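# Remarks on the overall topology
Letter by letter, the chains look like this.
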Amino acid sequence: MLWVTAPNVYSRTAEITIKGRVTDASTKEALVGANVVLKGTQKGTNTDANGNFSIPVTDEKAVLVFGFIGFEKQEIVVGNRTAIEVSLKSSASELSQVVVIGYGTTTKKDATGSLKTIKAADFNRGIVNSPEQLLQGRVAGVNVTSASGEPGGRQSITIRGPGGVRTGSTPLFVLDGIPLDNSSTGGATNPMNFLNPQDIEAIDVLKDASATAIYGARGANGVVLITTKKGKVGTGSLSLTSNTGVSNVARALPLFTADEFRKQVAAVGGTVDDLKADTDWQREITRQATTQDHNLSFSGGAEKLTYYGSVGVQNQEGVMKNSSLKRYTGRINASQKLMDDRLVIDMNLTASQTINNRPPIESVLGSALSANPTYPVRDANGVLARYQAFTNPVLALDLNKDVTTINRIVGSISPSFKIFKNLTYKLNLGVDNSSSTRDAQVFPSTVPQQDGRLDATYLDNRNVLIENYFTFNDSFGDHSFNALVGHSYQKFRLNGRNWSVNKFAVSPIEPANNPSLGQELALATNRPGGFAVINELQSFFSRLNYTFKNRYLFTATVRADGSSKFGANNKYGIFPSFSAGWRLSEESFMQSGPFSDLKLRAGWGQTGNQEIPSKITQALFTSSASSTTSYPLDGSTNYPAGTTYVRLANPDIQWELSTQTDIGLDFGLFKGALTGTIDYFRKVSNKILLEVIPSDPIQPASTYWTNVPNMTITNQGLELDLNYRYVGKSGLRFDLGGNITFIKNVVNNSPYTVITSGSATGPGLTSATVNGYVNGQPIGTFYLRQYIGIDDKGVSKYADLDGDGIGGTDKDRVAAGSALPTRQFNLNGSVSYKGFDLSANFNGVSGNKLYDNTANAYFYKARLVKNLNGIAESAGEPNESINNAAPVSTRFLKDGAFFRLNNLTLGYNLDTKKIGINKWISGARLSVTGQNLWLITKYNGYDPEVNAADRNVNGISSYGIDYLSYPKARSFIFSLNLTF
């Protein structure tokens, strides 16, 4: 819609300025940042905070192109006018929203698979290190767990539940068309930390097999497609984002104060070792941490060339002292059109460096939680106190240093050529190269006595991708279709080296700065190590999308993957999928109904999982001579040298296979104001990969890998996603959305009574396990002795479930709940009015348990009586003996449910025209964000959203164990955004 506000016939011999305003046709609100481009030229501008624009023209035949994300473009001939007002219509609301589906795009209304797109405007706010955090709570069926409060700590993400025992549950990440390798490049941080969240335009989550099958062997755990920002045609813009944050420990453990400690030790019959101080050791090792995050981006372009570039710096302190993450990033994206737009060359390049400084988290936390609070931190001279009985936790921070530096470059160039009107060829060349160095130092000390040591590690990870594919589009009459066929080759190379030096004398020189000062250089104690692994993946893929009468939809996909990880008899796997959709809202009998959109979807497909160790199908040999690798032929203990098998070849190993069915309903009511999705899914994983003990007792290898026949892992559930949007004529706008997922996981037909995992840690807990994979139970089940109280001798009692008269044996273990939640629920909302906006995001889970390994190891009566600090739980039961041990049992199994206010943001968009700075600054925004503000949970540890790393047993994944986990922070972030 347009009208002339000031008609004026004039000659175009001189340059005339056209002014006007761009608004939303439905709400009449101004569209801020809409593009106004003089067609056929590089001239362009963007609308200001009031939707106004100004652009010079010299020809009355000039055409202005108006565009805005989510709205239909309009082209208007200027004619003989000087002022134009334009109302842009929404592009059929969200139905015309473009979604990425892998090797192409479609619109939301035409998608037949289960997927969800999250745009940058809907990302979570706050201190964000990796893309998983941006979508936490935003997508039904997706559970993102920040397993640690450490800066840059690993994120656990599962899409519709885990499906493997040893192959993990991490989805495939695809960055601008490059499938990334999930292998870590060093340290304990998240491999995805290299990516600056400010550079991300959208994240598409593919959930069911009909959507993920295009990625074949790596789609079993779902696919996360990340699209970075691109330039837009029009006047160049410059944006500055500056964030400053302050963080504190969100929930400190309620340790006994010095006075409480004296009373509690005496109450349990102990003698207080009292040095008269009042020390909060937990507070001494933590701090109020600050975060600085600054980003500068520039973008723009003409009709033939668009570009986007950015640089970013983040410096995040952790709430534990000596803990930090620094990240430096740079990105350039460009797109060039040539040969009358038949040839388009896209280029994406990002470079980053992350520097992670880690204290010895577990040892320092353990010392702080148990240290006697009557001991002072410093001596009379103000120097850190040194004790023979224990290591001062604050001193321990100074006696250790662990720094990992990771450099990563990810780049791609993707030329596409339109061979014919409907046929396009595309080449995708990508490289992902990362390298890391880690120096872990123990500084020498006399009190406490410890030798200096340096452990140095170097890792290099290279991923090279070459893809060729053709896309054909056509339509005739009521028929339209899109066909895709292509080939992909990807090569991964991971190699590493490590070496160490021992026994450094006390010196002001750090071991890493001069390793030659180490006094123990013998190969027997400091033998250098190294490894190199090469994996290759070759694939052939195709997809057909067919639409009839714009309401009957059909998609078929097939991918064949050949992997060097698998045996000679099973190099290739075929992964098909089929899905269909029916847009009932387009039928004549639905035209008078309440639905603005109604689509029924159904899909079936198969995907694979190849995330297993390399070379396990090949034989492995050793030439060492020992009692386990050789045999004394003369009856003595002299083992002759020779070469023997360590692992036999197994040419039959193949992918784990996941078969998934999905039935979904997409709907819109009240002219699209209320939209929603309901999905039922069932995912069954079989051909489970395990390392097992051979049945043949004389086989040279003690274990071997195989696909376990008949064993299955099933995830099934229901997802509900609802969103409501209201736009008032007064300028009031609010959005309210949420999702809930009901999910059930079960293991069936395992050939073992229990596959143990989840090793416990602490005094007396060595070799104890917590998790088990049990038939008829979910993954992450806690398989434990059932604690039933204290007997008349003050000793723990355990249920006698096998009836042998002895309670608490291994045969009495019981499935006591799972770490996997059965319900995931999330709520988000926003409201805006005249420049002000407020947004909030809540998330939570229920139906899950946690094992408090920290309490098991540190908080029980036998420790308290020995002058080791604790919490109220440490006092135990009134009749409990001070000699009662604390083995692994359900006594320390706790409810893991929680509901959290994840983030809350209040912002204000300044009217730059009113304050007279619009000539230099087109947009300005101030905001404050609170992160992890509020938590409801029964769990009394640092945080219920936790999963201690490295608790697996022989590579069997573990879940839901809390052991001295890095405490979560509560943060406040102040932000300034400027657009020039």
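Residues numbered from 1 in each chain as written. Predicted model: local features only at pLDDT ≥ 70, side-chain atom pairs only at ≥ 80, totals over all residues. Heavy atoms only, no water.

Looking only at helices and strands, the protein chain has 9 helices and 52 strands in total. Over its C-alpha trace the protein chain gives a radius of gyration of 31 Å, about what one expects of a compact globule, namely 30 Å for 980 residues. With 980 residues in all, the protein chain has 52% of them scored as buried. Intrachain contacts of the protein chain at a sequence separation of at least 6 include 70% that bridge at least 24 residues. Averaging the coordinates of the 94 positive side-chain charges in the protein chain and doing the same for the 82 negative ones gives two points 5 Å apart. (Helix = DSSP H or I, 4+ residues; strand = E, 2+ residues; numbered from the N terminus. Rg over C-alpha atoms; globule rule 2.2 N^0.38 Å. Buried < 20%, exposed > 50% of the residue type's maximum accessible area, 1.4 Å probe, protein only. Contact = heavy atoms within 4.5 Å. Lys, Arg positive; Asp, Glu negative; His and termini not counted. Charge placed at Lys NZ, Arg CZ, Asp CG, Glu CD.)

Attention now goes to the packing of aromatic side chains. Geometrically, a pair of aromatic rings is defined through the distance of the ring centres and the angle of the planes. Inspection of every chain in the model, using the stated rule, returns 25 aromatic pairs. Seen from their ring centres, Tyr-425 and Phe-470 are 5.2 Å apart, and the 45° between their planes marks the pair as tilted. Here Tyr-425, found in strand β24 (residues 423-442), pairs with Phe-470, found in strand β25 (residues 452-476); they are 45 residues apart in sequence, far enough to count as distant. Plain terms: the ring middles of Phe-476 and Phe-481 are 6.4 Å apart, the flat faces sit at 80° to each other, and that makes the pair edge-to-face. Residue class for Phe-476 comes out partly exposed when judged on its relative accessible area of 47%. Among the aromatic residues, those joined into a ring-pair cluster are Tyr-103, Tyr-215, Tyr-469 and Phe-541. Looking at Arg-408, its charged tip hangs above the ring of Phe-194, at a distance of 4.1 Å from the centre. Just above the ring of Tyr-798 sits the side chain of Arg-785; from NZ or CZ to the centre is 5.5 Å. (Phe/Tyr/Trp six-rings, centres within 6.5 Å; stacked < 30°, edge-to-face > 60°. Lys NZ or Arg CZ within 6 Å of the ring centre and 35° of its normal.)

Glancing now at helix α3 (residues 258-267). Of all the residues in α3, the buried ones are Ala-258, Phe-261 and Val-265. Looking straight down α3, one finds that the buried residues subtend no more than 50° of arc, so they occupy a single side. In α3, the exposed positions that point more than 90 degrees away from the buried face belong to Asp-259, Lys-263 and Ala-267. Among the structural elements, α9 (861-864) are those in contact with the buried residues of α3. Phi for Gly-269, located one or two positions after α3, is positive at around 95°. (Arc of directions from axis to C-beta.)

Take the sheet that holds strand β47 (residues 849-852) next. A sheet is described by the order of its strands in space; here 3 strands give the open sequence β48-β47-β51, paired in mixed fashion. One side of each edge strand has no neighbouring strand; the edge strands of this open sheet are β48 (893-895) and β51 (961-962). Relative to β51, β47 is paired through 2 bridges, and the arrangement is parallel. Residue pairing in the sheet places Tyr-851 in a bridge with Ile-961 of β51. (Pairing = 2+ DSSP bridges.)

A full pass over the atoms with the stated rule returns 37 salt bridges. In this structure, Lys-207 and Glu-719 form a salt bridge, with 2.9 Å as the shortest nitrogen-oxygen distance. You can see Lys-207 sitting in the loop between β16 (200-206) and α2 (209-212) and its partner Glu-719 sitting in strand β37 (residues 712-727), a full 512 residues away along the chain. For Lys-207, a relative accessible area of 7% gives the class buried. The exposure class of Glu-719 is buried, given its relative accessible area of 2%. A single salt-bridge network, built from bridges that share partners, covers Arg-160, Lys-207, Lys-599, Arg-601, Asp-662, Asp-666, Asp-679 and Glu-719. (Salt bridge = Lys/Arg side-chain N within 4 Å of Asp/Glu carboxyl O.)

Relative to the elements of secondary structure, Pro-763 occurs in the loop between β39 (755-759) and β40 (769-773). Between the alpha carbons of Pro-763 and Pro-887 there is a distance of 9.4 Å; along the sequence they are 124 residues apart. In this structure Pro-763 touches Ala-857 and Arg-863, once residues within four positions along its chain are discounted.

Next up on the list: the side chain of Ser-957. Looking at the secondary structure, you find Ser-957 in the loop between β50 (923-937) and β51. Among the residues examined, Ser-957 registers a relative accessible area of 17% and is labelled buried. Excluding its chain neighbours within four sequence positions, the residues that come into contact with Ser-957 are Val-165, Gly-168, Ser-757, Tyr-773 and Asn-952.

Side chains of Tyr-552, Trp-582, Phe-589, Leu-600, Ile-663, Ile-678, Tyr-680, Leu-718, Leu-720, Leu-722 and Phe-742 sit close together on the surface and give an oily, nonpolar patch of about 920 Å² of accessible area. Taken together, the elements giving at least two residues each to the nonpolar patch come down to β34 (674-686) and β37. Looking at the nonpolar patch, the element that brings in the most residues is β37, giving 3 residues. Assignment of secondary structure puts Ile-663 in strand β33 (residues 656-669). (Patch = residues over 30% accessible without salt bridge, like charges linked within 9 Å, V, L, I, M, F, W, Y side chains within 5 Å. Areas by Shrake-Rupley, 256 points an atom, 1.4 Å probe, with all protein chains shown as cover.)

Geometry only, nothing functional implied.
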